[in-house]
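Here are the chains, one letter per residue:
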Amino acid sequence: MRVALAADHAGAALKAELLRRLDAAGLGHELVDLGGDGSDPDDDYPDFAARLGHAVAGGQAERGILVCGSGVGASIAACKMRGIRAAVCHDTYSAHQGVEHDDMNVLVLGSRVIGSEPAVECSLAFLAASFSGAERHVRRLRKVLAIENGEV
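Computed from a predicted structure; not experimentally measured.

So, how was this worked out
- Residues numbered from 1 in each chain as written.
- Predicted model: local features only at pLDDT ≥ 70, side-chain atom pairs only at ≥ 80, totals over all residues.
- Heavy atoms only, no water.
- Helix = DSSP H or I, 4+ residues; strand = E, 2+ residues; numbered from the N terminus.
- Buried < 20%, exposed > 50% of the residue type's maximum accessible area, 1.4 Å probe, protein only.
- Contact = heavy atoms within 4.5 Å.
- Areas by Shrake-Rupley, 256 points an atom, 1.4 Å probe, with all protein chains shown as cover.
- Lys, Arg positive; Asp, Glu negative; His and termini not counted.
- Charge placed at Lys NZ, Arg CZ, Asp CG, Glu CD.
- Salt bridge = Lys/Arg side-chain N within 4 Å of Asp/Glu carboxyl O.
- Phe/Tyr/Trp six-rings, centres within 6.5 Å; stacked < 30°, edge-to-face > 60°.
- Lys NZ or Arg CZ within 6 Å of the ring centre and 35° of its normal.

**Comments concerning the overall build of the protein chain**
Along the backbone of the protein chain there are six helices and five strands. Secondary structure elements of the protein chain, listed N to C terminal, follow the sequence β-α-β-α-β-α-β-α-β-α-α. Reported as C-alpha extents along the three principal axes, the dimensions of the protein chain are approximately 45 × 30 × 25 Å. Relative to its full complement of 152 residues, the protein chain shows a buried share of 45%. Counted over contacts in the protein chain with a minimum sequence separation of 6, partners at least 24 positions apart contribute 67%. Carbon together with sulfur atoms contributes 50% to the accessible area of the protein chain, which is approximately 7,400 Å² in total. Each charge sign in the protein chain was given a centre, from 15 positive and 21 negative side chains, and these centres are 8 Å apart.

Put into structure tokens, the structure is as follows:
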């Protein structure tokens, strides 16, 4: 799987750690760093949410991991993009279940909220999960897509 990672100035250090640790895990995923190195305090979360969102929605990546200070701002910004289903998850259950039940394609982490070990565990759970395709989940996803498309 091709996985894009991006972070604002507050999330850059955690993103770098995730890139290192996920690569070392030997999962076989192609990790793509879409930027945010922490050197510019004007690196704002909407810019990196858009960059990552375009990559996922445009098919250049199948999933994304986005990091900002709390995770909240980046999640809000990413969810404004058509085709993006992003959520802040600071536990492995939510990170895994968000994919299985809701077809979440972007995991958002708050670097000031979660430590590097739980962040790695959440990322691994997110990447290991797949959408169940269960009828009730498909039905709910169709309703979410109808909202996204302005049909509701």
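**Describing the pattern of salt bridges**
Scanning all chains against the criterion turns up seven salt bridges. For Arg21, the salt bridge identified is with Glu17, shortest N-O distance 3.5 Å. Here the residue Arg21 and the residue Glu17 both occupy positions in helix α1 (residues 12-24), the gap between them amounting to four residues, near one helical turn. Put simply, Glu17, Arg20, Arg21 and Glu117 are held in one network by salt bridges that share partners.

**A few points about the packing of aromatic side chains**
Tallied over the entire structure, the rule returns zero aromatic pairs. We note Arg63 situated over the ring of Phe126; from NZ or CZ to the ring centre the distance is 5.2 Å.

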